[in-house]
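In case you want the letters, here they are:
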Amino acid sequence: MTLETLILIGYYVSTLGFFVASLITALAASKFGKSAFGSVFSYLFIGTGIFFVITLFQKLGAEFFGIADESMDIWWHLMFYMALFSYYLGFKALIALGFAENEKQVGAIGAEKAWGVLAMILLVIIFIIPSWAEPVVNQYTASNLAAFGFHHFLSFILAAIVGSYLLSAKKNLGKIGQAIANPMIIALWSLAIQHFWELLSESWKVVEVTSENIEGVEKIFLTIASIAVIAAAFRLKAFAKAM
Amino acid sequence: MSETEQYNALITEIIKKQSVILGPEIAILKARSVSGLMVDNDGKVTSVGTDPKETLQNLVDQYVELSGQIVKNALGSIFAKYPNININN
């Protein structure tokens, strides 16, 4: 089996994985209705849905959007930040629940819908404007900041922040926190390592391998992340079903 | 207010607070799984059984098992209103 075939399999596994996980998380979130937990799991659904959209964006490729490969990299990283921000909002709300003394501190239930709409609009914009925005993106990709790998570094840091919130969830939140914490920690660290790998291989050139090998290793971590997200979604669904 | 009425009111408040966190469907389902506790569709307690203290303890244990620290914090302000009623933490 060639490396190209393995990369393709990795792509399909991760795409399908994020799609299935999105569906399951949405079903589980609906079970909690209009509640603080319903709000938290809706954020997780939005984040996982964005990961699915990222895989579609990558499959369409630079040629489809009429942009350079380096620009593709920037656009999907923007979506990656959105996905992680959604997870961050969800887990932050979950942690806040553990310290809420009254209903007012439970958080704004319904804010997840506003974020969902905003995320949808941003995704549509990202699918429409790449060729128009190419000169601006090119300025960044030609900059020292891009050469340093700022976009990879930011992804790595964001994943670590969300991961630390998850550790708190695991300690304080009973069965619900425990159900999703372990697989999501695996998913987030896989994504963090994926970006650390990109930083080392693409930006800093500490590891010198072909671009095909770089992509192959990336797909391994992406596949692990998607499988872990599916596991979290199934655990969440099983938990909601057991009620 | 009689002791039973106090338990009814306290447990109803707990279920209402849990409805905000877990959603009404799950909060009420979980309450109905407690032996002796009868709850209507709005989350209002209609009966606490023969041993209200044990019913209350079982209900709190169920919610704590489910969502840990969230419940412990949420219940503090409710129990403050009913100084005569205590349970094990």
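Residues numbered from 1 in each chain as written. Chains lettered and ligands numbered in written order. Predicted model: local features only at pLDDT ≥ 70, side-chain atom pairs only at ≥ 80, totals over all residues. Heavy atoms only, no water.

S.K.: I keep staring at the overall build of chain A and nothing clicks. Help me out?
M.R.: If you tally the helices and strands in chain A, you get nine helices and zero strands. Overall, chain A shows an N-to-C arrangement of helices and strands of α-α-α-α-α-α-α-α-α. Its C-alpha radius of gyration of 18 Å places chain A within 12% of the 18 Å reference for a compact globule of 243 residues. Projected onto its principal axes, the C-alpha coordinates of chain A cover approximately 50 × 40 × 30 Å. Across chain A, contacts joining residues at least 24 apart in sequence account for 82% of those joining residues at least 6 apart. (Helix = DSSP H or I, 4+ residues; strand = E, 2+ residues; numbered from the N terminus. Rg over C-alpha atoms; globule rule 2.2 N^0.38 Å. Contact = heavy atoms within 4.5 Å.)

S.K.: Got a minute to help me understand the nonpolar core in this structure?
M.R.: Note on soluble globular proteins: their nonpolar side chains tend to be buried together. With 98 residues, the main nonpolar core has F37, F41 and Y87 of chain A together with I14 and L56 of chain B as its most contacted residues. Sequence-distant contacts of L56 of chain B, defined by excluding residues within four places in its chain, comprise Y7, L10, I11, I14, F79, I85 and I87 of chain B. (Core = buried A, V, L, I, M, F, W, Y, C linked by side-chain atoms within 4.5 Å. Buried < 20%, exposed > 50% of the residue type's maximum accessible area, 1.4 Å probe, protein only.)

S.K.: I keep staring at the confidence of the model for chain B and nothing clicks. Help me out?
M.R.: Close inspection of predicted coordinates is inappropriate for parts of the model with low pLDDT. Residues and elements named next belong to chain B. In this model, chain B carries an average pLDDT of 89, and 99% of its residues clear a pLDDT of 70 or more. Within chain B, the lowest mean pLDDT, 80, falls on helix 4 (residues 69-79), and the highest, 96, falls on strand 1 (residues 38-39). The ipTM, which scores confidence in the relative placement of chains, is 0.79 for this predicted complex, and the corresponding pTM is 0.87. (pLDDT = per-residue confidence, 0-100.)

S.K.: Please explain the environment of K171 of chain A as it appears in this structure.
M.R.: All names here are of chain A. Turning to its location among the elements, K171 is positioned in helix 7 (residues 150-172). For K171, a relative accessible area of 69% gives the class exposed. Separated by 62 residues in sequence, K171 and A233 place their C-alpha atoms 19 Å apart.

S.K.: Would you mind going over a nonpolar patch on the surface with me for this structure?
M.R.: Residue and element names in this part refer to chain A. Judged by side-chain polarity, L145, F148, F150, F153, L154, I157, I161, W204 and V206 come together as a nonpolar surface patch covering roughly 740 Å² of accessible area. Those elements that provide at least two residues to the nonpolar patch are helix 6 (144-148) and helix 7. The element best represented in the nonpolar patch is helix 7, accounting for five residues. Position of I157 among the secondary structure elements: in helix 7. The partly exposed category is assigned to I157, whose relative accessible area is 34%. (Patch = residues over 30% accessible without salt bridge, like charges linked within 9 Å, V, L, I, M, F, W, Y side chains within 5 Å. Areas by Shrake-Rupley, 256 points an atom, 1.4 Å probe, with all protein chains shown as cover. Salt bridge = Lys/Arg side-chain N within 4 Å of Asp/Glu carboxyl O.)

S.K.: Just to check I follow, could you spell out the packing of helix 8 (residues 174-203) of chain A against helix 9 (residues 211-241) of chain A for this structure?
M.R.: Angle between the axes and distance between the axes are the two parameters that describe a pair of packed helices. In the contact formed by helix 8 of chain A and helix 9 of chain A, the axes pass within 8 Å of each other and the chain directions differ by 170°. On the basis of the axis angle, helix 8 of chain A is roughly antiparallel to helix 9 of chain A. (Axes fitted to C-alpha atoms, helices over the stretch in contact; angles between N-to-C directions. Parallel < 35°, antiparallel > 145°, perpendicular 65-115°, else oblique.)

S.K.: Looking at this structure, how should I read unusual backbone geometry?
M.R.: Keep in mind that most residues, glycine aside, have a negative phi and that most peptide bonds are trans. All names here are of chain A. The backbone of K205 sits at a positive phi, close to 55°, despite the residue not being glycine. Turning to its location among the elements, K205 is positioned in the loop between helix 8 and helix 9. Exposure remark for K205: the relative accessible area of 51% places this residue in the exposed category.

S.K.: Please explain the environment of M1 of chain A as it appears in this structure.
M.R.: Structurally, M1 of chain A is set in the segment before helix 1 (3-31). Residue class for M1 of chain A comes out exposed when judged on its relative accessible area of 75%.

S.K.: Just to check I follow, could you spell out the environment of Q62 of chain B for this structure?
M.R.: All names here are of chain B. With respect to the helices and strands, the residue Q62 is situated in helix 3 (residues 52-67). Along the backbone, Q62 and I78 are 16 residues apart, and their C-alpha atoms lie at a distance of 17 Å. Polar side-chain contacts of Q62 include one of 3.5 Å to the side chain of S33. (Polar contact = N/O pair within 3.5 Å; in protein donor to acceptor, adjacent residues only side chain to side chain.)

S.K.: Honestly, the packing of aromatic side chains in this entry has me stumped. Any pointers?
M.R.: For any pair of aromatic rings, geometry is given as the distance between the ring centres together with the angle between the planes. Throughout the structure, instances matching the rule amount to 19 aromatic pairs over all chains. In this structure an aromatic cluster arises from ring pairing among F18, F51, W76, F80, Y87 and F91 of chain A. (Phe/Tyr/Trp six-rings, centres within 6.5 Å; stacked < 30°, edge-to-face > 60°.)

S.K.: It is not clear to me how the packing of helix 1 of chain A against helix 9 of chain A should be interpreted in this structure. Could you clarify?
M.R.: All names here are of chain A. Taken N-terminus to C-terminus, the directions of helix 1 and helix 9 make an angle of 25°; their axes are 8 Å apart at the nearest point. One way to sum up the angle between helix 1 and helix 9 is to call them roughly parallel. Crossing of helix 1 over helix 9 shows left-handed handedness. Grouping the amino acids of the contact of helix 1 with helix 9 by side-chain chemistry returns 17 nonpolar, eight polar and six charged. (Left-handed = near helix turned anticlockwise from the far one by under 90°. Nonpolar A, V, L, I, M, F, W, Y, C, P; charged D, E, K, R; others polar.)

S.K.: Looking at this structure, I do not really get helix 4 (residues 111-128) of chain A. What am I missing?
M.R.: Since there are 3.6 residues in each turn of an α-helix, residues three or four apart along the chain are aligned in direction. Residue and element names in this part refer to chain A. In this model helix 4 runs 26 Å from its N-terminal to its C-terminal C-alpha over 18 residues, within 8% of the 26 Å that 1.5 Å per residue would give. Taken together, the buried positions of helix 4 are occupied by E112, W115, G116, A119, L123 and I126. All buried residues of helix 4 project into a common sector of 105° when viewed along the axis, lining one side. For helix 4, the exposed residues lying more than 90 degrees away from the buried face are K113, A114 and M120. (Expected span 1.5 Å × (residues − 1). Arc of directions from axis to C-beta.)

S.K.: Is there a simple way to explain helix 5 (residues 134-141) of chain A in this structure?
M.R.: All names here are of chain A. Where helix 5 is concerned, the buried positions are E134, V137 and Y140. Axial view of helix 5: buried residues confined to an arc of 120°, hence all on one face. Turned more than 90 degrees off the buried face of helix 5, the exposed positions are P135, V136 and Q139.

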